[in-house]
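Coordinates in review
Now for the letters of each chain:
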Amino acid sequence: MEILEKEFLHKLELHKGIIHKVAKMYMDNAEDRADLFQEIILQLWKAYGSFKGESQFSSWMYRVALNTALIYFKKERKKPDKHRIEQDLDVKDETQTEDTESQLEYFYEAVQQLNAVEKALIFLFLEGQSHKEIGKNLGITEVNARVKLNRTKDKLQQLIKQQGYEF
Amino acid sequence: MNFDDLQQQWKDEPSDNVQIPSEIDVLKKAITPIDFVRSSMKRDFLIQTFLRILILFVPVFFDFTDSLKTIFYTLYFTILFFVIYYYYKFYTFYKNSYNLNYNSRKNLSWFYYELKLNIELLKACSFIDLLLTGILGVTIGWFIRTEKQHNTHNILNLLDGVNPLFINIGLAIFAFLMFLHAEKLPNISYGKYLKNIKTVLDELDEL
């Protein structure tokens with residue numbers, strides 16, 4: 001068990017960016033993001049036994065991570081964590097100093113207004129998946145994936161423009 | 001910025017500061033709706049099993065006569081038969097752990113329809129439970145009344161002197177609360193998860 005756990009954590013380390021990005025797309029504050037990040041790792045670990053290695057570890061991760069995010073419920077919090085909010089603002093100020101990162105920040109801000117399926121479509125697109133692969137992951141046809149993705153891209157473009165950013 | 005730029009920036013986004021835990025045990029318990037439903041079903045099962053075992057000893061505690069014991073245990077085991085059927089179905093649902101390796105639609109559909117079915121089964125089971133418990137209550141009451149002269153330690157002696165109207169109102173309120181429990185509680189407990197998953201399924205279906 002320990003060897004399996006170490007092997008799993010090692011693989012996870014190599015692809016941790018995937019979980020980080022999914023959590024960032026689906027949750028708009030640091031606390032919820034941390035919860036979802038942790039939840040994805042747990043679900044990956046629970047499902048790891050059934051990973052046969054027929055597909056790449058990263059492809060398998062996309063599927064489990066997105067399936068977790070699609071059904072994830074935010075925790076109900078009684079009052080906001082002030083300390084956490086201050087931390088968030090600090091992070092944002094730092095990142096906005098660099099242009100590339102600020103472009104991504106605009107993207108992450110706009111993406112929060114998409115629904116769960118639209119987020120999954122954009123995520124898989126940005127990860128370089130074809131319409132066929134997106135359809136396969138989400139369980140929809142290739143045509144449906146293409147139509148949905150195009151609509152979502154238009155919507156996202158509008159949302160980013162509304163923030164005053166040229167897109 | 002365009003989508004090609006965005007894709008490149010996405011790819012280049014650093015993940016060096018992302019921390020992966022050194023062991024799985026340090027993580028908190030999983031909390032997806034599926035896990036939540038499974039754990040609350042398990043909790044309900046344990047509570048109900050405990051209560052049903054406790055009810056098994058009611059005739060001993062209250063010193064039921066032999067004929068009353070026969071009626072009590074006949075109805076008790078009839079109820080138990082239906083309840084065991086429900087628990088068997090629930091156990092199948094519980095053991096058939098969801099598979100996040102499936103594609104999203106298959107995973108969500110499986111859970112949605114299984115949960116819906118289990119909610120309906122839970123309601124049906126609660127109604128059967130309610131009906132048979134009602135019959136059991138009336139039968140016990142009737143027997144106690146008729147055999148009262150022979151047994152001075154009867155629990156129904158407690159109700160002597162109470163206006164029958166209040167007893168009937170009390171019983172009606174109890175029956176209504178039990179009805180709400182059977183009909184509404186499963187929806188309150190699990191309905192929001194069902195709704196959430198249905199929304200995502202509908203979003204997948206839209207073209």
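Residues numbered from 1 in each chain as written. Chains lettered and ligands numbered in written order. Predicted model: local features only at pLDDT ≥ 70, side-chain atom pairs only at ≥ 80, totals over all residues. Heavy atoms only, no water.

Further remarks concern the pattern of salt bridges. Oppositely charged side chains can pair when the atoms bearing their charge come close. The full count for this structure, using the stated rule, is 11 salt bridges over all chains. Linking Lys198 of chain B and Asp202 of chain B is a salt bridge whose minimum nitrogen-to-oxygen distance equals 2.9 Å. Pair noted here: Lys198 of chain B and Asp202 of chain B are both in helix α7 (residues 185-205), with a separation of 4 residues, about one helical turn. Each of Lys24 and Glu105 of chain A together with Glu13 of chain B takes part in one network of salt bridges that share partners. (Salt bridge = Lys/Arg side-chain N within 4 Å of Asp/Glu carboxyl O. Helix = DSSP H or I, 4+ residues; strand = E, 2+ residues; numbered from the N terminus.)

Turning our attention to a nonpolar patch on the surface. On the surface, a cluster of nonpolar side chains totalling about 840 Å² of accessible area is made up of Val162, Leu165, Phe166, Ile169, Ile173, Phe176, Leu177, Phe179 and Leu180 of chain B. A relative accessible area of 36% places Phe179 of chain B in the partly exposed class. (Patch = residues over 30% accessible without salt bridge, like charges linked within 9 Å, V, L, I, M, F, W, Y side chains within 5 Å. Areas by Shrake-Rupley, 256 points an atom, 1.4 Å probe, with all protein chains shown as cover. Buried < 20%, exposed > 50% of the residue type's maximum accessible area, 1.4 Å probe, protein only.)

All names here are of chain A. Summing up the model confidence of chain A, the mean pLDDT is 83 and the portion of residues at 70 or higher is 83%. No element of chain A has a lower mean pLDDT than helix α5 (residues 82-95), at 40, and none a higher one than helix α7 (residues 116-126), at 95. Counting interchain partners and residues more than four positions distant, the pLDDT-below-50 stretch residues 80-97 has 11 contacts. (pLDDT = per-residue confidence, 0-100. Contact = heavy atoms within 4.5 Å.)

What follows concerns the packing of helix α3 (residues 30-48) of chain A against helix α4 (residues 57-71) of chain A. Residues and elements named next belong to chain A. Where α3 meets α4, the closest approach of the two axes is 9 Å, and the angle between their N-to-C directions is 125°. Between α3 and α4, the angle falls in the class oblique. α4 is crossed by α3, and the crossing has right-handed handedness. For the pair formed by α3 and α4, the contact residues are Leu36, Glu39, Ile40, Gln43, Leu44, Ala47 and Tyr48 on the first element and Phe57, Trp60, Met61, Val64, Ala65, Thr68 and Ala69 on the second. (Axes fitted to C-alpha atoms, helices over the stretch in contact; angles between N-to-C directions. Parallel < 35°, antiparallel > 145°, perpendicular 65-115°, else oblique. Left-handed = near helix turned anticlockwise from the far one by under 90°.)

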